[in-house]
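Structure assessment
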Amino acid sequence: MASSSFRDHLGRPIVAVTGMGILTSLGQGLEDNWAALTSGKSGIHKITRFPTDNLSTRICGTVDFIDIPKPNSVERSFAFARETTIEALAQAGISGDFNGPLFLAAPPIEPEWSARFELGDRSPPAAKPGDAYDRFMAALRERPDPEFQEAALFGAISERLADRFGTRGLPVTLSTACASGATAIQLGVEAIRQGRTDRALTVATDGSVSAEALIRFSLLSALSTQNEPPEKASKPFSKDRDGFVIAEGAATLVLESLESAVARGAKILGIIKGAGEKADSFHRTRSSPDGGPAIATIRAALADAGVAEGDINYINAHGTSTPENDKMEYGSMLAVFGEGLKSIPVSSNKSMIGHTLTAAGAVEAVFSLQTMLTGTVPPTINYTNPDPTIALDVVPNVKRDADVTAVLSNSFGFGGQNASLVMTREPA
């Protein structure tokens, strides 16, 4: 029986973080990312990956400095995940086979337009209306295209990661919109709490920025159209915010039971104290205006962690910079924390890195843990025109030194997917 010092308030194994890796538009690796983030640097820039003529949004936070063999979302997402996992395992001091389960958050997979057009060009002529699928299959049977096939397989990224890093069992791939990264961490935590493993590899990656993705979000009126200058576009909680900036990135966290980590002499970077997840059935893309599901998610995370509202001394907000989401998130936090919210710093990493979509929850978890480790709260930049209806301490424009011992990190996604994580420093 494990010592009570390794068990939480419900008698479950405490889950520690022993390794972290990150990649965003700010750069590769935790050191470079943290230095840029805390200095208030923006990674948002003009789109160069594809033509933007006649598009209302021409800016992004893409990662264009990693070499990939073929320019598609699968190859980008795999490469990002590979690099962050290498960094995380090195920090954790784990070499050889990982020998634990893999939980991967990955973007919805579909071939790029160019690949679909190429397949259409070599398909046989239509014999009857609606036979496109049969024609495409005939073309692939005649000339197999492994790269096209892999670009259409949802589980391709996790299988490659499992082979590369020697994870155990069938890898799990999930996609819960903007909550995906947090959900992957939650699955890893639950696996350790349930005694199914002593360690879990949780990875979230998104390299899916394409013309099609940008146009789809534009049609939802979700993206900022404030293109000049690019670095000023993402402005969470500001009065003149007009949408999020689409971005890419990845993050990996090595999770271990605290008992196992201490036994092998690993450095403890922080504790995943609790997680909450609730669905929102209000609309396919919009959040419930009353914030009910988000409120329930935050409360569930606090209850799971055994942490009181007054114990939270920093909130890493979802903070997308869309008018509706920022308002809803503020109302949700106010409902949970009441007047105490005024004394809690609440900042948005997305003001600098944009919205990394599937990767966001894990990227922001890494930054949250780093906030506690360093005693530095990253700012919300571009905060020059405050929204008078959102009374928050957003750590405006400049980082702040603070003794942070417990963080709430929110991830509220399209499709009604809501997840919150509570993280704390290593227990005494």
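Residues numbered from 1 in each chain as written. Predicted model: local features only at pLDDT ≥ 70, side-chain atom pairs only at ≥ 80, totals over all residues. Heavy atoms only, no water.

**Considerations on the overall build of the protein**
Note the cut-off: Numbered from the N terminus, helices here are DSSP runs of H or I no shorter than four residues, and strands are runs of E no shorter than two. What the globule rule says is 2.2 Å times the number of residues to the power 0.38, and the radius of gyration is computed from C-alpha atoms. In this description, contact between two residues means that some pair of their heavy atoms is separated by no more than 4.5 Å. For the charge count, each Lys or Arg is scored as positive and each Asp or Glu as negative, with His and the chain ends excluded. Throughout, a charge is located at the NZ atom of Lys, the CZ atom of Arg, the CG atom of Asp or the CD atom of Glu.
For the protein, the helix and strand inventory stands at 13 helices and 15 strands. Relative to the 2.2 N^0.38 estimate, which gives 22 Å for 428 residues, the radius of gyration of the protein is 21 Å and therefore close to what a compact globule would have. Counting only C-alpha atoms, the protein reaches 70 × 55 × 40 Å along its principal axes. Put simply, of all contacts in the protein between residues at least 6 apart along the chain, 77% involve residues at least 24 apart. Distance between charge centroids for the protein: 2 Å, based on 39 positive and 49 negative side chains.

**Some words on the pairing of strand S5 (residues 102-105)**
Where we set the bar: Burial status follows relative accessibility: with a 1.4 Å probe on protein chains alone, a residue under 20% of its type maximum counts as buried, one over 50% as exposed, and anything between as partly exposed. We call two strands paired when DSSP finds no fewer than two bridges between them.
Residues Leu102 and Leu104 of S5 are buried on one face, and the alternating residues Phe103 and Ala105, pointing to the opposite face, are buried as well. Inspection of the sheet shows S5 paired to strand S7 (residues 199-206) by four bridges, in the parallel sense. Bridging from a neighbouring strand, Leu104 pairs with Val203 of S7. Bridge analysis of S5 against strand S6 (residues 172-174) gives three bridges, and the strand direction is parallel. Along S6, the bridge assignment pairs Phe103 with Val172.

**Topic: the pattern of salt bridges**
Using the following cut-off: In the sections that follow, a salt bridge refers to a side-chain nitrogen of Lys or Arg positioned within 4 Å of a carboxyl oxygen of Asp or Glu.
In the structure shown here, the tally under the stated rule is 18 salt bridges. In this structure, Lys46 and Glu228 form a salt bridge, with 3.5 Å as the shortest nitrogen-oxygen distance. Highlighted residues: Lys46 in strand S3 (residues 45-46) and Glu228 in the loop between helix H8 (211-219) and strand S8 (249-257), separated in sequence by 182 residues. Overall, Lys46 belongs to the partly exposed group, its relative accessible area being 49%.

**Describing the packing of helix H10 (residues 292-305) against helix H11 (residues 323-337)**
What counts is decided by this rule: Angles here are taken between N-to-C directions and fall from 0 to 180 degrees, while the axes themselves are lines fitted to C-alpha atoms, restricted in helices to the stretch in contact. Put simply, angles under 35 degrees are roughly parallel, angles over 145 are roughly antiparallel, angles from 65 to 115 are roughly perpendicular, and the rest are oblique. Crossings are sorted by hand: turned counterclockwise from the far helix by less than a right angle, the near helix makes the crossing left-handed, and turned clockwise it makes it right-handed. Note on residue classes: Ala, Val, Leu, Ile, Met, Phe, Trp, Tyr, Cys and Pro are nonpolar, Asp, Glu, Lys and Arg are charged, and everything else, Gly too, is polar.
Where H10 contacts H11, the axes come no closer than 9 Å and their chain directions differ by 45°. Of the possible angle classes, the one that applies to H10 and H11 is oblique. Considering the relative orientation of H10 and H11, their crossing is right-handed. Taken together, the residues of H11 that come into contact with H10 (itself represented by Ala294, Ile295, Ile298, Arg299 and Leu302) are Met328, Ser332, Met333, Ala335, Val336 and Phe337. Of the residues assigned to the contact of H10 with H11, the class counts are nine nonpolar, one polar and one charged.

**Things to note about the packing of aromatic side chains**
Quick note on the threshold: Classification of ring pairs rests on two measures: the distance between centres of Phe, Tyr or Trp rings, Trp counted by its six-membered ring, which must be within 6.5 Å, and the angle between planes, read as stacked under 30 degrees, edge-to-face over 60 and tilted in between. A ring is scored as having a charge over it whenever the NZ atom of a lysine or the CZ atom of an arginine sits within 6 Å of its centre and within 35 degrees of its normal.
Scanning the entire structure with this criterion turns up two aromatic pairs. Between Trp34 and Phe367, the ring centres sit 6.1 Å apart and the planes meet at 35°, which makes this aromatic pair tilted. Of the two residues, Trp34 is situated in helix H1 (residues 30-38) and Phe367 in helix H13 (residues 360-374); the sequence distance between them amounts to 333 residues. When its relative accessible area of 9% is taken as the criterion, Trp34 is described as buried. For the cation-ring pair, Arg160 lies above Phe78, with the distance from its terminal atom to the ring centre recorded as 3.9 Å. The cationic tip of Arg199 hangs over the ring face of Phe98; the distance from NZ or CZ to the ring centre is 5.4 Å.

**Section: the side chain of Asn325**
Heads up, the condition is: Contacts described as polar in this section are N or O atom pairs within 3.5 Å, which, within protein, must combine one atom able to donate a hydrogen with one able to accept it, while residues neighboring in sequence count only if both atoms come from side chains.
With respect to the helices and strands, the residue Asn325 is situated in helix H11. Overall, the relative accessible area of 10% leaves Asn325 in the buried class. Side-chain polar atoms of Asn325 contact the side chain of Thr320, separated by 3.4 Å. Sequence-distant contacts of Asn325, defined by excluding residues within four places in its chain, comprise His318, Gly319, Thr320 and Phe412.

In short, the description is geometric, and any link to function would need to be established separately.
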